[in-house]
Amino acid sequence: MSAAALLGLLWLGSQALVPVVVREAIDQGLVPGEMDAVLVWSAALLGLGVVQAASGTIRRRLSMHNALDAGFRTVQLVVGHAGRLGAGLERRVDDGELVSIGTSDMTTIGNAFDVVGRAFGAVVSTLLVAVVLLDQSPSLGLLLIVASGSATK
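Residues numbered from 1 in each chain as written. Predicted model: local features only at pLDDT ≥ 70, side-chain atom pairs only at ≥ 80, totals over all residues. Heavy atoms only, no water.

Asks: Any chance you could explain the overall build of the protein here in plain terms?
Replies: Within the protein one finds six helices and zero strands. Shown N-terminal to C-terminal, the secondary structure of the protein runs as helices and strands in the order α-α-α-α-α-α. Taking 153 residues into account, the globule formula puts the C-alpha radius of gyration at 15 Å, and the protein, at 24 Å, lies well above it. When its C-alpha atoms are laid out on the principal axes, the protein stretches across 85 × 30 × 20 Å. Burial status across the protein gives 23% buried among its 153 residues. In the protein, the proportion of contacts linking residues at least 24 apart, taken out of those at least 6 apart, comes to 72%. Taken as a whole, the protein presents about 10100 Å² of accessible surface, with 69% of it coming from carbon and sulfur. (Helix = DSSP H or I, 4+ residues; strand = E, 2+ residues; numbered from the N terminus. Rg over C-alpha atoms; globule rule 2.2 N^0.38 Å. Buried < 20%, exposed > 50% of the residue type's maximum accessible area, 1.4 Å probe, protein only. Contact = heavy atoms within 4.5 Å. Areas by Shrake-Rupley, 256 points an atom, 1.4 Å probe, with all protein chains shown as cover.)

Asks: I would appreciate a short explanation of helix α5 (residues 116–136) in the present structure.
Replies: Note: α-helices contain 3.6 residues per turn, so residues at a spacing of three or four share the same orientation. Over its 21 residues, α5 runs 30 Å from end to end, which matches the ideal 30 Å to within 8%, given 1.5 Å per residue. Of all the positions in α5, only Gly117, Gly121, Ser125 and Ala130 are classed as buried. (Expected span 1.5 Å × (residues − 1).)

Asks: Explain the pattern of salt bridges to me, please; I cannot follow it from the model alone.
Replies: When charged atoms on two side chains of opposite charge get close, those side chains can pair. Tallied over the full model, the rule gives four salt bridges. Between Arg60 and Asp114 there is a salt bridge whose closest N-O contact spans 3.3 Å. With Arg60 in helix α2 (residues 35–85) and Asp114 in helix α4 (residues 97–114), this residue pair connects regions lying 54 residues apart in the sequence. Looking at Arg60, the relative accessible area reads 38%, which means it is partly exposed. Taking the shortest distance from any N to any O, the salt bridge between Arg118 and Asp114 comes out at 3.3 Å. Of the residues examined, Asp114 reaches a relative accessible area of 11% and is grouped as buried. Put simply, Arg60, Asp114 and Arg118 are held in one network by salt bridges that share partners. (Salt bridge = Lys/Arg side-chain N within 4 Å of Asp/Glu carboxyl O.)

Asks: Would you take a moment to explain the packing of helix α1 (residues 2–29) against α2 for this structure?
Replies: Where α1 contacts α2, the two axes come as close as 8 Å, and the packing angle between them is 165 degrees. Put simply, α1 runs roughly antiparallel to α2. When you trace α1 past α2, the crossing you get is left-handed. (Axes fitted to C-alpha atoms, helices over the stretch in contact; angles between N-to-C directions. Parallel < 35°, antiparallel > 145°, perpendicular 65-115°, else oblique. Left-handed = near helix turned anticlockwise from the far one by under 90°.)

Asks: Looking at this model, I keep getting lost on the packing of aromatic side chains. Mind explaining?
Replies: Aromatic ring pairs are defined here through the distance separating the ring centres and the angle between the ring planes. All told, the structure shown has zero aromatic pairs when counted by the stated rule. Against the face of Trp11 rests Arg59, its NZ or CZ located 4.5 Å from the ring centre. (Phe/Tyr/Trp six-rings, centres within 6.5 Å; stacked < 30°, edge-to-face > 60°. Lys NZ or Arg CZ within 6 Å of the ring centre and 35° of its normal.)

Asks: Explanation requested: a nonpolar patch on the surface in the structure shown.
Replies: On the surface, Val22, Ile26, Leu30 and Leu45 cluster together to form a nonpolar patch covering roughly 350 Å² of accessible area. Locating Ile26 in the fold gives a position in helix α1. (Patch = residues over 30% accessible without salt bridge, like charges linked within 9 Å, V, L, I, M, F, W, Y side chains within 5 Å.)

Asks: Help me understand the packing of α1 against α5, please; the structure alone is not making it clear to me.
Replies: Each pair of packed helices gets described by two things: the angle between the helix axes and the distance between those axes. As a packed pair, α1 and α5 sit with axes 7 Å apart at the nearest point and diverge in direction by 30 degrees. One element, α1, and the other, α5, form an angle in the roughly parallel class. Seen along the crossing, α1 lies across α5 with a hand that is right-handed. Facing Ala4, Ala5, Gly8, Leu9, Trp11, Leu12, Gly13, Ala16, Leu17, Val20 and Arg23 of α1, the residues of α5 in contact are Val116, Gly117, Arg118, Phe120, Gly121, Ala122, Val124, Ser125, Leu128, Val129, Val132 and Gln136. Split by residue class, the contact of α1 with α5 holds 15 nonpolar, six polar and two charged. (Nonpolar A, V, L, I, M, F, W, Y, C, P; charged D, E, K, R; others polar.)

What follows is the structure, given as C-alpha cells:
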C-alpha cells in the first residue's frame, strides 16, 4: 500500500505541477531570443507527462493487486471461520448468507485498499497546489484551502 501511495503522490503531484511549468515556459519564452528557455521548460513538461503516465499506470496495477489480495484474504478468513464452526453453522446462518457476507466484505475491503494510492496523492497534490497558489496569489490560495476544508465536511 505504501508503494501505491507513493505512486499516487507522483501521479497526481506531477499533474499538479503542469500549470506551474507551463507558466514558466510562457513567462521565460516571451523574451525574444530565449528559445533555450522554451526548450528547457518543454522538456520539463514532457518529463512530467512521462512521470504522470508511468506512475499512474503502475499505481493502478499496484492498487488492483492490493484490492484483489485483500479481497482474497477476506474470503480465506470467512471460509476458514466457517470451516471451524462446522455443522453448527447451518443452525446460525441462512442458506446463501455466508456467501453474501463473504462477497460483500471482499468487495468493500478490496475497494478500501484500492483507494489508498489515489487518496494519498489527492491530499498531497491539493496541498501542493495550495502552496503554489499561496505563492502566486495569497487570496486565491486561501480560497482553495477554505473550499477544500468545507468540501470535506
